[in-house]
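Results of the structural survey
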Amino acid sequence: MDSLKTLIFPDTILFQDKYFPLFLFFAPINYLAPIEGGNDEDDQSEFDIFMERNLCQAHTPSPLGKNRERFVHLINDIRVRKDDYAAQLSSLTVAGLSTKSSDKKSEKRTEIINTLLTDGSNQSAVSDQDEIECWQSRLVLKIAEILDHEEAELQNHLSLLDSREMNMFKKLQGEDAPDDDDPFARLEEIRQNLLRARPGEMKKRFYAWFNLMKPALSGMEALWFASSQDSGDQIFSLYEELHTNYPVPILELPFPARIPISATHLLKEILAFREATATARKGIVEELFTLANDPEYSPLDTDKLLPTDSEKLRSWNQLLDEMFPEHVNGRCSVRFYLLQDTTIPQLLGIETRKDTDHSHGLLAVLSD
């Protein structure tokens, strides 16, 4: 076993700079596509080569079918319009998904969604309540994609304003200048707001993802992968509500933070690294699943934790430094956790325990 079948959540766009390095270890990475047939708003055909090499796979368990074009038109409208239409719709969908709504609120949401989707016609686009929930979940996820994109662009602009430029501006201003005249104070406030955790928003996003992905989850994956610490906290919170134990960190694996080259060359680099690390990866994966299948495991058994100085990890670290040096590619890490006595599908109520199940769940979390 030299590959690790993985399900990433709740992000729905896998082809981003921060996720490409994950292919060095994880494959195939399965992810949710809220609408079938890819993203019309983004030409991502250049990344089809990753699917062809079985590095990833998209899933749309609840396809839109005949309503796909209507939904895509709505999302494009949200993206390009600059009035408060998108903000109102975002508030409607995100707030509506956070709690169980009363019948009147549910009817109101159904009415508004149908109004948005009928383009002024008298025919309802959707009427079944389950279908309404799916539409709402798709809207939450697609709006989240739009917000992520806008935040990434803003972060990129802010990164151009380094400390030297700020200090230079302050010197030109003079030390006695009032704070109100400092435009960088507002920029720093924006930067901190972008970095601040937003667990409420992530919870709504996670359950929107779960609502759409649920039909395909039963017995599908051995490893769940949280795209951020906030995402992982959704699983940790559920686990700690139902168990007296805490998630046990069992391994931290370094990765490049970025590999800024074209898709074709990136694929070659990834495949070359996977070939060079095949033995190390196979050993690490086997150790992970040996631990997950150990019914006698206890957090007190520290000798069962994966050693940080094993030959496999030394080999991984050495090849990583040789092929993706830190001064060029930076570093991030993936932390693996063991959830005692339950798998994540069981934790979410998707399935009950079977004799063939792992004894413990595995969760990986991407950390900056």
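Residues numbered from 1 in each chain as written. Predicted model: local features only at pLDDT ≥ 70, side-chain atom pairs only at ≥ 80, totals over all residues. Heavy atoms only, no water.

Okay, the overall build of the protein chain next. In terms of regular secondary structure, the protein chain is built from 14 helices and seven strands. Residue burial in the protein chain is summarised as follows: out of 368 residues, 46% are buried. For the protein chain, contacts bridging at least 24 residues in sequence account for 79% of all contacts bridging at least 6. (Helix = DSSP H or I, 4+ residues; strand = E, 2+ residues; numbered from the N terminus. Buried < 20%, exposed > 50% of the residue type's maximum accessible area, 1.4 Å probe, protein only. Contact = heavy atoms within 4.5 Å.)

Glancing now at the pairing of strand S6 (residues 332–339). With respect to burial, S6 is a largely interior element, seven of its eight residues being buried. Where S6 lies against strand S7 (residues 361–367), seven bridges are found, and the strand directions are antiparallel. Paired with Tyr 337 across the strands is Leu 363, a residue of S7. (Pairing = 2+ DSSP bridges.)

This part takes up helix H9 (residues 229–242). Given 3.6 residues to a turn, an α-helix orients residues that are three or four positions apart in the same direction. Between its first and last C-alpha, H9 extends 20 Å over 14 residues, near the 20 Å set by a 1.5 Å rise per residue. Among the residues of H9, those classed as buried are Ser 231, Gly 232, Gln 234, Ile 235, Phe 236, Leu 238 and Tyr 239. (Expected span 1.5 Å × (residues − 1).)

According to the stated counting rule, one finds eight salt bridges in the structure shown. The residue Lys 312 makes a salt bridge to Glu 287 at a minimum N-O spacing of 3.1 Å. Highlighted residues: Lys 312 in helix H12 (residues 311–323) and Glu 287 in helix H11 (residues 278–292), separated in sequence by 25 residues. Linking Arg 331 and Asp 321 is a salt bridge whose minimum nitrogen-to-oxygen distance equals 3.0 Å. Taken together, the positions of Arg 331 in the loop between helix H13 (326–329) and S6 and Asp 321 in helix H12 put the pair 10 residues apart, joining distant regions of the chain. Among the ionic contacts, a cluster of salt bridges with common partners joins Asp 11, Lys 18, Asp 148 and Arg 205. (Salt bridge = Lys/Arg side-chain N within 4 Å of Asp/Glu carboxyl O.)

So, about the sheet that holds strand S5 (residues 248–255). One open sheet holds the seven strands; their spatial order is S3-S2-S1-S4-S7-S6-S5, and the pairing between them is mixed. A single partner strand is all that each edge strand has here, and the edge strands are strand S3 (56–59) and S5. Geometrically, the sheet is characterised by an average inter-axis angle of 25° between neighbouring strands, direction not taken into account. The pairing of strand S1 (residues 6–9) with strand S4 (residues 223–226) spans four bridges and is classified as parallel. Bridge pairing in S4 places Phe 9 opposite Ala 226. Packing of H11 onto the sheet brings it into contact with S5, S6 and S7, and relative to S5 it is tilted by some 165°. (Axes fitted to C-alpha atoms, helices over the stretch in contact; angles between N-to-C directions.)

For the pair H11 and H12, the least separation of the axes is 9 Å and the interaxial angle reads 135°. Regarding the angle of H11 to H12, the classification is oblique. Pair H11 / H12 crosses with left-handed handedness. For the pair H11 and H12, contact is made by Ala 280, Arg 281, Gly 283, Ile 284 and Glu 287 and by Lys 312, Leu 313, Ser 315 and Trp 316, respectively. (Parallel < 35°, antiparallel > 145°, perpendicular 65-115°, else oblique. Left-handed = near helix turned anticlockwise from the far one by under 90°.)

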